[in-house]
Every structure is written in C-alpha cells, then in structure tokens.
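Here is what each chain is made of, one letter per residue.
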Protein chains: 2
Amino acid sequence: MLTVALPKGALLKDSIRLLQSVGLDFSAFLDSGNRQLQIQDPTQTAQGLLVRAQDVPVYVEYGQAQLGIVGFDVLQEKKPQVAQFADLGFGHCRMSVAVPSQSPYRSAMELPPNCRVASKFVHCAHDFFSKIDLPVEIIPLYGSVELGPITGMSEAIVDLVSTGRTLKENGLIELDCLYDSTARLIAHPLSYRLNQYNLEHWLNEISKNSQPLAAKAS
Amino acid sequence: MLTVALPKGALLKDSIRLLQSVGLDFSAFLDSGNRQLQIQDPTQTAQGLLVRAQDVPVYVEYGQAQLGIVGFDVLQEKKPQVAQFADLGFGHCRMSVAVPSQSPYRSAMELPPNCRVASKFVHCAHDFFSKIDLPVEIIPLYGSVELGPITGMSEAIVDLVSTGRTLKENGLIELDCLYDSTARLIAHPLSYRLNQYNLEHWLNEISKNSQPLAAKAS
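Residues numbered from 1 in each chain as written. Chains lettered and ligands numbered in written order. Predicted model: local features only at pLDDT ≥ 70, side-chain atom pairs only at ≥ 80, totals over all residues. Heavy atoms only, no water.

Looking at UniProt, one finds chain A named ATP phosphoribosyltransferase and attributed to Acaryochloris marina. According to the UniProt record, the Function comment for chain A reads "Catalyzes the condensation of ATP and 5-phosphoribose 1-diphosphate to form N'-(5'-phosphoribosyl)-ATP (PR-ATP). Has a crucial role in the pathway because the rate of histidine biosynthesis seems to be controlled primarily by regulation of HisG enzymatic activity." The record in UniProt for chain A states the following under Pathway: "Amino-acid biosynthesis; L-histidine biosynthesis; L-histidine from 5-phospho-alpha-D-ribose 1-diphosphate: step 1/9." (UniProt positions renumbered as here; feature names shortened; annotations may be inferred.)

(A) A look at the interface of chain B and chain A. Facing 32 residues of chain B, the contacting portion of chain A comprises 32 residues. Carbon and sulfur atoms supply 54% of the area that chain B and chain A bury against each other, a total of about 2,800 Å² over both sides. In this structure, the connection of chain B to chain A is made through two salt bridges. Ionic pairing is found between Glu169(A) and Arg35(B), a salt bridge with its closest N-O pair at 3.1 Å. Between the two partners, chain B and chain A, sit 14 residue pairs in polar contact (both at pLDDT 80 or more). Taken together, the elements giving at least two residues each to the side of chain B that touches chain A come down to β3 (46-51), α2 (56-61), β8 (137-140), α5 (147-151) and α6 (165-169) of chain B. With four residues, the top contributor of residues to the side of chain B that touches chain A is α5(B). Of the residues that constitute the side of chain B that touches chain A, the class distribution is 14 nonpolar, eight polar and 10 charged. (Contact = heavy atoms within 4.5 Å. Buried area = accessible area lost by both parts, 1.4 Å probe. Salt bridge = Lys/Arg side-chain N within 4 Å of Asp/Glu carboxyl O. Polar contact = N/O pair within 3.5 Å; in protein donor to acceptor, adjacent residues only side chain to side chain. Helix = DSSP H or I, 4+ residues; strand = E, 2+ residues; numbered from the N terminus. Nonpolar A, V, L, I, M, F, W, Y, C, P; charged D, E, K, R; others polar.)

(B) Structural view of the relation of the copies chain B and chain A. The two copies are related by a screw operation: chain B maps onto chain A through 180 degrees of rotation and 0.0 Å of translation along the axis, at an RMSD of 0.0 Å. Here the symmetry operator amounts to a two-fold rotation axis. Rotation axis and chain B: the residue whose C-alpha lies nearest the axis is Tyr142(B), separated from it by 5.5 Å. Interface overlap between copies is the fraction of interface residues in one copy that are interface residues in the other; for chain B against chain A it reaches 100%, indicating a shared surface. (Least-squares fit on C-alpha atoms with pLDDT ≥ 70 in both.)

(C) Region of the structure containing a positive patch on the surface. Taken together, the side chains of Lys8(A), Arg52(A), Lys120(A), Lys8(B), Arg52(B) and Lys120(B) present a region of like positive charge at the surface. With respect to the element layout, Lys120(A) can be found in the loop between β7 (116-119) and α4 (122-131). Exposure remark for Lys120(A): the relative accessible area of 37% places this residue in the partly exposed category. (Patch = residues over 30% accessible without salt bridge, like charges linked within 9 Å, V, L, I, M, F, W, Y side chains within 5 Å. Areas by Shrake-Rupley, 256 points an atom, 1.4 Å probe, with all protein chains shown as cover. Lys, Arg positive; Asp, Glu negative; His and termini not counted. Charge placed at Lys NZ, Arg CZ, Asp CG, Glu CD. Buried < 20%, exposed > 50% of the residue type's maximum accessible area, 1.4 Å probe, protein only.)

(D) Highlighting the side chain of Ser119(A). Looking at where Ser119(A) falls in the secondary structure, it is placed in strand β7. Here Val158(A) takes part through its backbone oxygen, which lies 2.7 Å from a polar atom of the side chain of Ser119(A).

(E) Inspection of the sheet that holds strand β3 (residues 46-51) of chain A at higher detail. Residue and element names in this part refer to chain A. One open sheet accounts for six strands, arranged β2-β3-β1-β4-β11-β5; its pairing is mixed. With one partner strand each, in any of the chains shown, β2 (38-40) and β5 (83-87) form the two edges of the open sheet. On average, each strand axis in the sheet is inclined to that of its neighbour by 25 degrees, with strand direction left out of account. In the sheet, strand β1 (residues 2-7) pairs with β3 via six bridges, with the strands oriented parallel. The residue of β3 that forms the bridge with Val 4 is Gly 48. Strands in contact with helix α1 (residues 12-21) are β1, β3 and β4 (67-71); relative to β1, the strand with the most contacts, it is inclined by about 150 degrees. (Pairing = 2+ DSSP bridges. Axes fitted to C-alpha atoms, helices over the stretch in contact; angles between N-to-C directions.)

Set out below in structure tokens:
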C-alpha cells in the first residue's frame, strides 16, 4: 500500500489539508486523542506515518514510505538520498544568522574569526561559514538556540526564523539569510522509477493541488 | 553567579525538588505560564538555565553553567568533557535492545549480521554492537523509534525503557540491557578545580541530599 510520511509539528495541518484535497484523508492524526502513528485513509488507498520532521526523509530514503512531506531546511541539513518533487508553498521560514542587537556586527562577514556559533543545523551553519571563508566554532544544540548568545556561550546563532518573534523576544537581530525554506514533496527514487502504487499519479495530483497554495503565498 | 543547567522533561521535577532541599529554589520553571529559560533563585545565590536534556552537558562543558543535572544516557551518548559527581538516584530507566515479540530472536547475539537497528542513541548502539562483534546498520531516528520494526524498516531498536509501556503497546520485547541510567550531577572541571562560586560546597550538599532518594529507589 502507498505510504506517506507526514511531519509532526508546524507543517502537519497544511500537509493533511493538501492530501485531503487529492482524496487521501489523514485528518485522524489531528484528533487530540489520537495516539496512533500509523493510520490508513478511509478509502484504504494509502497509509500515513506520523513521524518527527527530521525522520520523514529517513522513512522515504529506506523506501518504507514512498512519499513524504518535509521542510526544505531538513533536506538541506540531512542531504538525504530522496527525489525532491514540488515546492508545496506552505511552511515559509528562513535559515538565518542572528546576533544580539547590541553587538557591533551587521553582517555575518563581520563576525570575528573563530567566534562561536550555536545551531541545531550544524551542517547548514558549517557550509555557510565555509562558503564565506570564515572559520567559526559551531556549538551543536538541540533546542532554545537563542540561549547561546544570552548566556555568552556563543556570539551568534544559525536558526530557522518564521515570524521573528522569538528573536525579538530575546533581543536578537538577523544578519544574513542562508536560504528560504518551504514544505517540499519528496519520494523514494526507486519507487518513483518503477511507478509503484501509481506514484506518478499521486505526485502529479499533489503538486497540482499545491499550486494555489504556493501562488497565494508568493 | 553560580549557574545550574536543568533538563526539560522527565527529570525536571525531581531536579528542582533536590535543589530546593539545598536552598536553591527554581520551582518557577514549573509554573505553567513560565516562558523564561533563565531565572535566579529568590535568594539571588544562583541562576538556573532550563535547556533540553541533551544540551545540559554542552552548557557545562563550555563553563556557561558550573553545575548540571542530566541522565546517564545523555552522558553515555555524547561523552562530554564534564566531571561526573553523583548518582542522584532518580530518573531510573535502562537502555535496551528490543525486537517485535513475534521475531525469533531472544538475545542481541542472535540478531542476523548486517540487520538494521533504529535508534536515537546511535553511539550507544554502535558501541554495544561493536562490543559483541555483530555488524549492524544503525538507522538514526529522532523520535518514535518503535516505528522502525512496525514499518519493517529495522529488525530491532535500541532505546530508553522506563516503565516498558511503550514497548508493550507496540508489541516489542526487550532482549538485552546496555546499561541502567539515572540522573547524574555534573560539573565544569576547571570551575570545580578553582572552587568557583563555592562549587565544592554545593556539590557536597546536593550529593548528600540525593542519598535518601537514591537509597529509597534501590
């Protein structure tokens, strides 16, 4: 049976709405009482897997799910072996370098060499500072990266920014944007080539139905 | 000022209770309305940092916190450069290898060579299977590791087991225990050597007050 990996968190509601528009209803995942991580849609056409955003590409890479929806940020950080199909036009955010507003730096280039940068996205941060040829020490954190500069542990952070509220509340300002991120449709490459479970049809339908969302957002 | 890094999640309540018993009150972190990640105790003796469990050793390693409370599992996985002081006697759980109950394996040694093992604790899993000389492919996941065997992505998992309820609900059984875990008191090595902020006193007090907890649990 066709299996779709869905990300817990910020992208879940829009992902479920998009799949509903092509006839795959996984809205049971949104029921507050739901504890199941694996459900079938009512038409028995497909099953959904509810997993952490970072785990979506893992299930797709191993072919346990043929389709997945995940943020571009996760794909940039993990570089999984999956086929990227469509920009789904929701979940807009950006990966940014930020510093305390009272710091003297106004661009990432001005940061002092060998300074410390806290991030949950260590590969993205490393790639960015390599590209601008600035040696920095990346401090890997799992949450609340904004505490890095607040406690004095790091001069800067690299983190996802959506509304900018968290930065503002913590007295941080954005210096540079590494890239913009939105939700992406990904597929298992071999399943796509073999057109397993009529995959091409589903990819086309989902991509087509996401265009109004993408247009509305742009 | 003395800074103590406290772990969000399962260990937080007992950690705060233990620190209260030595006169450091960070119970404001337990207020449902609290959004602050950094607070001072009412006597202005110390400040508390509320961070992800995996980040506690990072703050202590960099000396941003002189003390921290964290699970032994995190120390085993991350191998941070921190001084380990006391077993605090709460937060009992164990790191275990588990498989679907209908699988033919009854010990980790019986798992087929090159099988797949899903885990959030990739280093612990790798160390364990190296030690028993069984080559396996570790699949790194961030959450809901029990989905690995359920979806057929992995033969086994390595994960923390507390009550065993999650395993049971997902039809999994434990094969072997890698180690038992409890909350540990850690310190920044240089701060300890220099006895910054009277660190020795606090380490002794906290260790002493944790003994009834440890005794009760054993």
